[in-house]
Amino acid sequence: VQKIILDCDPGHDDAIAILLAAGNPDIELLGITTVAGNQTIEKVTRNALAVCAVAGITVPVARGASVPLVEPQMVAEDIHGETGLDGPYLPPPAFDLDARHAAQFIVDTVMAHEPHTVSIVPVGPFTNIALAMRLEPRIIERVQSVVVMGGAYTRGNATPGAEFNIYVDPEAAEAVFRADWDVTMVGLDLTHQALASAELQDRVRAVGGPISEFALAVWDFVGSTYKRQYEFDHPPIHDACCVAALIDPAVFTTATADVRVELRGEWTRGTTVVNFADTPGMHHSNGSALGQTDFRTHIAMRLDHERFSDLIVDSIARLTAV
Ligand code: BDR
Ligand code: CA
């Protein structure tokens, strides 16, 4: 069983990631931490509690950063709506927030468990993770792995080059990629294969009950915004891919690469510059040589959509059966 902390900004695909983490027996969800991203910290925190109420989830929820490290706050209202989770009915919270800041919660939780047993899953801007790293640098060596949703090696969604989670807080992202821990980057190249297809939605509909209805309402709303903004036929379930990989590593293939976040480009700020290990002769853009140890980030490449769908359906069915 893999212990995880899910750091999120629900968010439609974040909500599905929560359901997957809470419903899958191979994951022990130690807590949910929230970060401003898709909407303000108040809204995404309320949404995290609402998802818990819908699905009967009772894990600690700790509120985190309301602004990025350097940039002013920005939200994704065009995709996730005014509440950050428009579409489904959002019930009132069934329990109180953890009193700690998310960064403190992450530090306490990682340090309270045996070394290399807890993985962190950041699926919003990486602000809380950067804060936690600085609050207690020993977490870097202590966590098992960090599986992030963010970045891309082909194209962005916030700008032509930059993916939203990185674009919102590029300094935090660079800190996370630069630290000496085991990072998997689940970028848009992978998550755009993880669509809530008609078949997947039919299978979830067949489960029936309020959690199934909730998931369908999530996809209905974000399906319409993805159609309008990006001309997608079905919405991507970005964030759930990270959780899925911790349940079943065969859900996607990976390649190793050196990842840097562009912090200064006029047109490219927030872009992940991904140098795959098959081009070791390269230098960094600042002229310094790349060493073998630079090629250490696992980049998610090809999704097995059927395995992924099976996990989503299974988790909703299990949560419904309780
Ligand atoms: C990421 O941005 C957010 O809108 C989604 O929840 C996901 O984490 C995709 O770029
Ligand atoms: Ca997210």
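The structure under discussion appears in the preceding block.
Residues numbered from 1 in each chain as written. Chains lettered and ligands numbered in written order. Predicted model: local features only at pLDDT ≥ 70, side-chain atom pairs only at ≥ 80, totals over all residues. Heavy atoms only, no water.

Enquirer: Just to check I follow, could you spell out the environment of Trp181 for this structure?
Expert: Looking at the secondary structure, you find Trp181 in the loop between helix H8 (170-178) and strand E6 (183-186). Between the C-alpha atom of Trp181 and that of Arg296, which follows or precedes it by 115 residues, the distance is 8.9 Å. In this structure, Trp181 is in contact with Ile129, Met133, Ile139, Ile140, Val143, Val146, Val176 and Arg296, ignoring residues within four places of it in sequence. Looking at Trp181, its side chain comes within polar contact range of the main-chain oxygen of Val176, at 3.0 Å. (Helix = DSSP H or I, 4+ residues; strand = E, 2+ residues; numbered from the N terminus. Contact = heavy atoms within 4.5 Å. Polar contact = N/O pair within 3.5 Å; in protein donor to acceptor, adjacent residues only side chain to side chain.)

Enquirer: Looking at this structure, how should I read the nonpolar core?
Expert: Proteins that are soluble and globular tend to have nonpolar side chains buried together. Among the nonpolar cores identified, the biggest contains 66 residues, and Leu19, Trp219 and Phe308 are the most heavily contacted of them. Those residues in contact with Phe308 that sit more than four places away from it in its chain are Ala194, Ile237, Ala240, Cys241, Ala244, Val251 and Leu303. The next biggest cluster of nonpolar side chains, apart from the first, holds 36 residues, and it includes Ile140, Ala172, Ala175 and Val274. (Core = buried A, V, L, I, M, F, W, Y, C linked by side-chain atoms within 4.5 Å. Buried < 20%, exposed > 50% of the residue type's maximum accessible area, 1.4 Å probe, protein only.)

Enquirer: Sorry if this is basic, but what is going on with the packing of helix H5 (residues 127-135) against H8 here?
Expert: To describe two helices that pack against each other, one gives the angle between their axes and the distance between the axes. Look at H5 against H8: their axes get within 8 Å of each other, and the N-to-C directions meet at 55°. Between H5 and H8, the interaxial angle falls into the category oblique. Between H5 and H8 lies a crossing of left-handed hand. Where H5 abuts H8, its residues Thr127, Ile129, Ala130, Met133 and Arg134 lie against Ala172, Ala175 and Val176. The class makeup of the residues in the contact of H5 with H8 is six nonpolar, one polar and one charged. (Axes fitted to C-alpha atoms, helices over the stretch in contact; angles between N-to-C directions. Parallel < 35°, antiparallel > 145°, perpendicular 65-115°, else oblique. Left-handed = near helix turned anticlockwise from the far one by under 90°. Nonpolar A, V, L, I, M, F, W, Y, C, P; charged D, E, K, R; others polar.)

Enquirer: Help me out: how do you make sense of the site of ligand 1 in this one?
Expert: The environment of ligand 1 is formed by 13 residues, the closest being Asp13, Asn38, Asn157, Glu163 and Asp239. Within the side chain of Asp14, one N or O atom sits 2.9 Å away from an oxygen atom of ligand 1. Separating an oxygen atom of ligand 1 from a side-chain N or O atom of Asn165 is a distance of 3.1 Å. Surface burial for ligand 1 is 97%, taken as the share of its 280 Å² of free accessible area covered by protein chains. Put simply, the parts of the chain that give the shell around ligand 1 at least two residues each are helix H1 (12-23) and helix H7 (164-168). For the shell around ligand 1, a count of residues per class yields four nonpolar, five polar and four charged. (Near = heavy atom within 4 Å. Areas by Shrake-Rupley, 256 points an atom, 1.4 Å probe, with all protein chains shown as cover.)

Interpretation note: all reported values are geometric properties and have no functional meaning in isolation.
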